[in-house]
Amino acid sequence: MILAAKEVSKAFGGAQALRGVSFELAAGEVHALMGENGAGKSTLVKILAGLHAPDAGEVLVRGRPVRLRGPHEALRNGIAMIHQELMPVPGLSVAENLLLGREPRGRLPGTVDRRALRREAVRLLGLLDADLPVDAPMGTLSVAGMQTVEIARALGAAAAAVIMDEPTAALSGREVAALFRVIAALKARGVGIIYITHKMDEVFRVADRITVLRDGCLVRTAPAGELDESRLIALMVGRELSGWRHLATQRPRADAGEPLLVVRGLSRGGAFRDVSFEIRRGEVVGLAGLMGAGRSEVAAALFGLAPAEAGEIRVRGAAVRVRRPSDAMRLGIGMVTEDRRGYGLVPQMAVWQNITLAALPQLCPGPLLRRTAERAAAGEAAARYGIKADGAGQAVRLLSGGNQQKVVIARTLLAQPEIVILDEPTRGIDIGAKAEVHALIAALAAQGRAVLLISSEMPELLRLSDRLLVMRQGGLVAELDPLTVTQEEVLSYAMPVRKA
Amino acid sequence: MPCPLGKRNRLNPGFRAWGSRMGVVLALLATGLALACLCPQFLSVANLTNVVRQVAINGILAVGVTLVLLTGGVDLSLGSVVALSGVVAAHLAHPGEYPLAVPVLAGVLAGAACGGLNGLVVTRGRVPPFIATLGMMTAARGVALVLSGGRPVSNMGPALTRLAGDWARVPVPALVLAAVALGAAWMLRNTRQGRYLYAVGGNEQAARAAGIGVRGVKFLAYALCGALAGLAGVVLAARITTGQPNAGVAYELDPIAAVVIGGTSLAGGVGGVGGTLLGVLLMGVIGNGLDLLNVSSYYQQIVKGLIIVGAVWFDRQRRSVERE
């Protein structure tokens, strides 16, 4: 047993995050930690990584009780954590970020051996099969690139136990495959891995054992072979989620309504080129592709966050120019952005103020606010989307990830858009909330709106879309029927063509 | 499920805002109490009247710069704008020339023009606020010197100087400050633009994605801040009965300090006019007390510096305790 928690409890203010949870990590195993958001997974691994001190109970490293007073002490005990929120120093190079805090010493005291540093960086990235420029500034990398560096960084620092908190959330298929290869290599060397994820297929691919938490309590620890997807979901939510797998096939397929959004030859240098498609009233169009294929960029162009340079956008038949989000919103286009922190929320503002932010011109025509109307609209939206907050006045940054996402969705829909763009609407939210979002998407289409859905989760796309478009390297390469196509076929279109 | 946005919780934001200002309130009360014990004349009507008169100009400037700091910006040009608008107003205030409204409005408009230009340079020109307003700080002083030929503009009519007098035994500058503060607080609370100021300062990208015209919001903040600096300049000119091109040097620093003491975040998105007023009063009362205690102005500067850093340090400590 290289790492264990014994009966640990932890409370934040009044909220009990963990109640007497015991957890063990054996050498050479991948131990998945599952549970809905707020179940206590993050709190548990943060205690194991020395970021929180438990209120009760203890942490054992190789059977010895230890008190970890910070991530540095955890690291010295051979425990490294890959954070969900990336923490790079954008101005330093990739190599410098990789070895931040453990730079190889130079000959003079206080100096760094830059050549050794570079060599070690190349070696670590080689372990991940990652093709990244070690001398480039960190800030020039994509999110996936930064995460790869973060993983390589933990791999380089830790010998015994690695904690991975949703490591594949922003990785492309190739990078995920590389990560799984590295996990296998680490296992062979006797390293234990704690693996947090929301993705079912991943769990059963990599995990040896699975521990499920719910509401801060341990529900069950079992070998992965003893569980299947539906039993695991039942353990996580404490009930059976009926029919969520077949949602799309149950809702009436869209008849060919009038096209609400038509895109012709849309291009933006370096991001996407010559993209043409249309979305009809009552239709959900899925957009599949790998990270960096240009899907989010197309969405950003349609919503005016980063306007297209060429091509035509027609809304309800009329050619329009979308230069900024307010243009898009006037045309009835709404978007749930991929990046909650960046484009989504105003963290210090109250929940209700965040919900009404985009719809203020409709709710309060004229320059004055109408607080009563605003409160009512926010309260109704919060109830409809099941936003759980400690009162509407709570600052939105204090909500869990799933609830924050619901706030972003509530805000977008409060403005009554007819064309709804959803970029990774279920990323990082728990399975119960996911099912709610799926139902919501179906409802939007049933109301006669046009939905563009971007998701990296193939089952979600296949379940919800009426038509599936595939992007690869900035271009639209296929239109598929989600009822007949398989995940493997979609992937074969999405994968970059290798030059022979 | 209980209504997630229940009535009980409606009080929360108010309580929280109040709680975050408790430190300043307590400091203000403690200082007042200590001064009342140390020197009996502190609580005299004459002295308290004096305090509000003294803080009025700093207060008007602080209310204006609160708006800019809320957007996450800064305005370093206040002192020079004060001088420029004072010169402009004094030029138009010779006895018997124009009615009172003309010099007052001209001063305010001169300030608004400077602020608006700041706003344009920041939003359209994408120059960082620190640099844009640093440039304005130098340039506006230059314009004031050009307009006045480098000499004080004197021969001011009685109408304008009365702006620095009393009305029903209350100093007029203090009334101006009260009106300005009420107006700004009302705007922040009750108008869409007010809400947008917080949104832009809290997360500019999210504000833009919510369809808010970020440039317009910022422009408004700088223009209003400039207009209030113009108003402060008119009041100052009335008080010293001249338009002084060299007046108001470093006047931008005390307001920024007061705003920060009052709990408005330099990063934007958090704070308000109420806290700013408390910060202004705290600084004014402490200055007045040190005067009454015959502390030399050299030492007063040291004390002021300690208060500015200490207030923010105290705030940080409190916040980190809250987070635990």
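Computed from a prediction, not measured in an experiment: that's the story for all the values here.

Quick notes on the rules
- Residues numbered from 1 in each chain as written.
- Chains lettered and ligands numbered in written order.
- Predicted model: local features only at pLDDT ≥ 70, side-chain atom pairs only at ≥ 80, totals over all residues.
- Heavy atoms only, no water.
- Patch = residues over 30% accessible without salt bridge, like charges linked within 9 Å, V, L, I, M, F, W, Y side chains within 5 Å.
- Areas by Shrake-Rupley, 256 points an atom, 1.4 Å probe, with all protein chains shown as cover.
- Salt bridge = Lys/Arg side-chain N within 4 Å of Asp/Glu carboxyl O.
- Helix = DSSP H or I, 4+ residues; strand = E, 2+ residues; numbered from the N terminus.
- Buried < 20%, exposed > 50% of the residue type's maximum accessible area, 1.4 Å probe, protein only.
- Contact = heavy atoms within 4.5 Å.
- Expected span 1.5 Å × (residues − 1).
- Bend = angle between axes of the 7 residues up to and from the residue.
- Axes fitted to C-alpha atoms, helices over the stretch in contact; angles between N-to-C directions.
- Parallel < 35°, antiparallel > 145°, perpendicular 65-115°, else oblique.
- Left-handed = near helix turned anticlockwise from the far one by under 90°.
- Nonpolar A, V, L, I, M, F, W, Y, C, P; charged D, E, K, R; others polar.
- Buried area = accessible area lost by both parts, 1.4 Å probe.
- Pairing = 2+ DSSP bridges.

Details of a nonpolar patch on the surface
Residue and element names in this part refer to chain B.
Consideration 1: Side chains of Leu117, Leu120, Val121 and Phe219 sit close together on the surface and give an oily, nonpolar patch of about 310 Å² of accessible area.
Consideration 2: With three residues, helix α4 (residues 101-123) is the largest single contributor of residues to the nonpolar patch.
Consideration 3: Along the polypeptide, Val121 turns up in helix α4.
Consideration 4: Here Val121 falls in the partly exposed class, since its relative accessible area comes to 32%.

Some details on the environment of Gly226(B)
Residue and element names in this part refer to chain B.
Consideration 1: Examined against the element boundaries, Gly226 turns out to sit in helix α10 (residues 214-240).
Consideration 2: A residue is classified by how much of its surface remains accessible, and Gly226, at 3% relative accessible area, is buried.
Consideration 3: Remark: the alpha-carbon pair of Gly226 and Leu188, spanning 38 residues in sequence, is separated by 17 Å.
Consideration 4: Once residues lying within four places of it in the same chain are set aside, the contact partners of Gly226 are Val81, Gly111, Ala112 and Gly115.

A few points about the pattern of salt bridges
Residue and element names in this part refer to chain A.
Consideration 1: What the rule picks out here adds up to 26 salt bridges over all chains.
Consideration 2: The residue Arg231 makes a salt bridge to Asp228 at a minimum N-O spacing of 3.9 Å.
Consideration 3: For Asp228, a relative accessible area of 34% gives the class partly exposed.
Consideration 4: Residues Glu258 and Arg281 are paired through a salt bridge, measuring 2.8 Å at the closest nitrogen-oxygen approach. Of the two residues, Glu258 is situated in the loop between α9 (247-250) and β11 (259-268) and Arg281 in the loop between β12 (272-280) and β13 (284-288); the sequence distance between them amounts to 23 residues.
Consideration 5: Exposure remark for Arg281: the relative accessible area of 25% places this residue in the partly exposed category.
Consideration 6: Where salt bridges share partners, they join Glu258, Arg281, Arg316 and Glu418 into one cluster.

Some details on helix α2 (residues 45-70) of chain B
All names here are of chain B.
Consideration 1: Taking 1.5 Å of rise per residue, the 26 residues of α2 would be expected to cover 38 Å, and the 35 Å separating its terminal C-alpha atoms lies within 8% of that figure.
Consideration 2: The sharpest bend along α2 comes to roughly 45 degrees, located at Ala56.
Consideration 3: Of all the 26 residues making up α2, 20 are buried; the element is thus mostly covered by neighbouring parts of the structure.

Notes on the packing of helix α3 (residues 78-91) of chain B against helix α5 (residues 129-148) of chain B
Residue and element names in this part refer to chain B.
Consideration 1: Running from N to C, α3 and α5 cross one another at 20 degrees; their axes reach a closest spacing of 7 Å. The angle between α3 and α5 falls in the class roughly parallel. Note on packing geometry: the crossing formed by α3 with α5 is left-handed. Mapping the contact onto sequence places Gly79, Ser80, Val81, Ala83, Leu84, Val87, Val88 and His91 in α3 and Met136, Met137, Ala140, Arg141, Val143, Ala144, Leu147 and Ser148 in α5.
Consideration 2: The class makeup of the residues in the contact of α3 with α5 is eleven nonpolar, four polar and one charged.

Some words on the interface of chain B and chain A
By a frequent convention, interface size equals the accessible area lost on bringing the separate parts together.
Consideration 1: Listed by partner, the interface residues are 28 residues for chain B and 45 residues for chain A.
Consideration 2: When chain B packs against chain A, the two sides together hide about 3,000 Å² of surface, and 57% of this comes from carbon and sulfur.
Consideration 3: Here chain B is connected to chain A by one salt bridge.
Consideration 4: The shortest N-O distance in the salt bridge between Arg195(B) and Glu374(A) comes to 2.6 Å.

Quick look at the pairing of strand β16 (residues 333-336) of chain A
Two faces, one strand: in a regular strand the side chains alternate between the faces of the sheet.
Residue and element names in this part refer to chain A.
Consideration 1: Alternating positions in β16 separate into two faces, Ile333 and Met335 on one and Gly334 and Val336 on the other, with burial throughout.
Consideration 2: Pairing of β16 with strand β17 (residues 419-423) involves four bridges; the strand directions are parallel. Residue Ile333 lies in a different strand from β17, and its bridge partner there is Ile419.

Notes on unusual backbone geometry
Consideration 1: In the Ramachandran plot, Arg316(A) falls in the positive-phi region, its phi being about 50 degrees despite a non-glycine side chain.
Consideration 2: As for its position among the elements, Arg316(A) is in the loop between β14 (310-315) and β15 (318-320).

Re the sheet that holds strand β7 (residues 161-165) of chain A
Residue and element names in this part refer to chain A.
Consideration 1: Read across the sheet, six strands follow the order β6-β7-β8-β3-β9-β10 without closing on themselves; strand pairing throughout is mixed. With partners counted over all chains shown, the strands left at the sheet margins are β6 (79-82) and β10 (217-223), one partner each. Here the strands of the sheet are splayed against their neighbours by 15 degrees on average, with no regard to which way each runs.
Consideration 2: Sheet strands touched by helix α6 (residues 173-188): β3 (30-34), β7 and β8 (192-196). Its angle to β8, the strand with the most contacts, is close to 145 degrees.

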